[in-house]
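# Chain and residue survey
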Amino acid sequence: MQYSLIILSAILMALSQQPIGCGWLAWFSLIPLIKYLDQSNTLKNKIYIKLIMNEKLVIAVDAMGGENSPDKILEAISNVVVNDDQLFFNIFGDVNLIKTKLLKYKIPNNRYEVFNAEENITDDESPLQAAKKGNKSSMWQSIESVKNNKSHIALSAGNTGAMLILSKMILSMIEGIDKPALAGLWPNKKGMNVVLDL
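Presented here is an overview of the structure given in this document. (Residues numbered from 1 in each chain as written. Predicted model: local features only at pLDDT ≥ 70, side-chain atom pairs only at ≥ 80, totals over all residues. Heavy atoms only, no water.)

## Quick notes on the sheet that holds strand S2 (residues 57-62)
On the basis of which strands lie adjacent, the open sheet formed by four strands has the order S4-S3-S2-S5 and parallel pairing. The open sheet is flanked by strand S4 (112-116) and strand S5 (153-156), the only strands paired with a single partner. The sheet shows a mean angle of 25° between the axes of neighbouring strands, taken without regard to direction. The pairing of strand S3 (residues 87-93) with S4 spans five bridges and is classified as parallel. Residue Ile 91 lies in a different strand from S4, and its bridge partner there is Val 114. Together, S2 and S3 form the strand contacts of helix H3 (residues 71-83), whose direction differs from that of S3 by roughly 170°. (Pairing = 2+ DSSP bridges. Helix = DSSP H or I, 4+ residues; strand = E, 2+ residues; numbered from the N terminus. Axes fitted to C-alpha atoms, helices over the stretch in contact; angles between N-to-C directions. Contact = heavy atoms within 4.5 Å.)

This is the structure:
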């Protein structure tokens, strides 16, 4: 499986508890420690209910994050939608570039919506630099779509530090929790373990 599938594979493995074929250590941020998970009708419950009821799960994607984007993101989405018809993607980034790139990937039009973002956050930017770009960046907008109940999960293959800081800024934390955690998928003899870095 190509590198482009690492991030989407990780999130889908975490939700379905089934490996998708990603044979590489996958790091991802599901933003699990946000205040919405500690309220009634929580985001977590919504995700589980939608999986159980076979309703669509809406994933916000920062299409400009990381090297070789947006190609690796669109390639990953094109591979995932073939096997799961219950996923919908809100894709954030340079709308003209993304729509041009979409021509070579087989993603049905009813499986995604593209939102324009003027800025993207590069891997070498500090979290402070990322925050200064405000809501013009594709990463910010993808996270904000969770806050606004437009998406259930925000996903980025880009700057991890920026993702953590922006998530904390935009979504805030559960009371008593100081910082978000990173979860990693480690292989074992039977499948995968989820390792949480606190």
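## Some details on helix H4 (residues 95-102)
Of the residues making up H4, those classed as buried are Val 95, Ile 98 and Leu 102. The buried residues of H4 all sit within an arc of 65° when viewed along its axis, so they share a single face. Turned more than 90 degrees off the buried face of H4, the exposed positions are Asn 96 and Thr 100. For H4, the secondary structure elements touched by its buried residues are H3, S3 and S4. Residue Asp 94 occupies the N-cap position of H4, its side-chain oxygen lying 3.2 Å from the main-chain nitrogen of Asn 96. (Buried < 20%, exposed > 50% of the residue type's maximum accessible area, 1.4 Å probe, protein only. Arc of directions from axis to C-beta. Polar contact = N/O pair within 3.5 Å; in protein donor to acceptor, adjacent residues only side chain to side chain.)

## As for the nonpolar core
Grouped together as the largest cluster of nonpolar side chains are 23 residues, with contacts concentrated most on Ile 77, Phe 89, Ile 91 and Ile 98. Listing elements by their share of this core, those giving two or more residues are S2, H3, S3, H4, S4 and S5. The biggest single contributor to this core is H3, with five residues. One finds Met 139, Trp 140, Met 163 and Leu 166 within the second-largest nonpolar core, a separate group that totals 13 residues. (Core = buried A, V, L, I, M, F, W, Y, C linked by side-chain atoms within 4.5 Å.)

## Some points on the packing of aromatic side chains
Tallied over the entire structure, the rule returns one aromatic pair. Ring centres 4.9 Å apart and planes at 15° place the aromatic pair Phe 92 and Phe 115 in the stacked group. You can see Phe 92 sitting in strand S3 and its partner Phe 115 sitting in strand S4, a full 23 residues away along the chain. Judged by relative accessible area, Phe 92 falls into the buried class, the value being 6%. (Phe/Tyr/Trp six-rings, centres within 6.5 Å; stacked < 30°, edge-to-face > 60°.)

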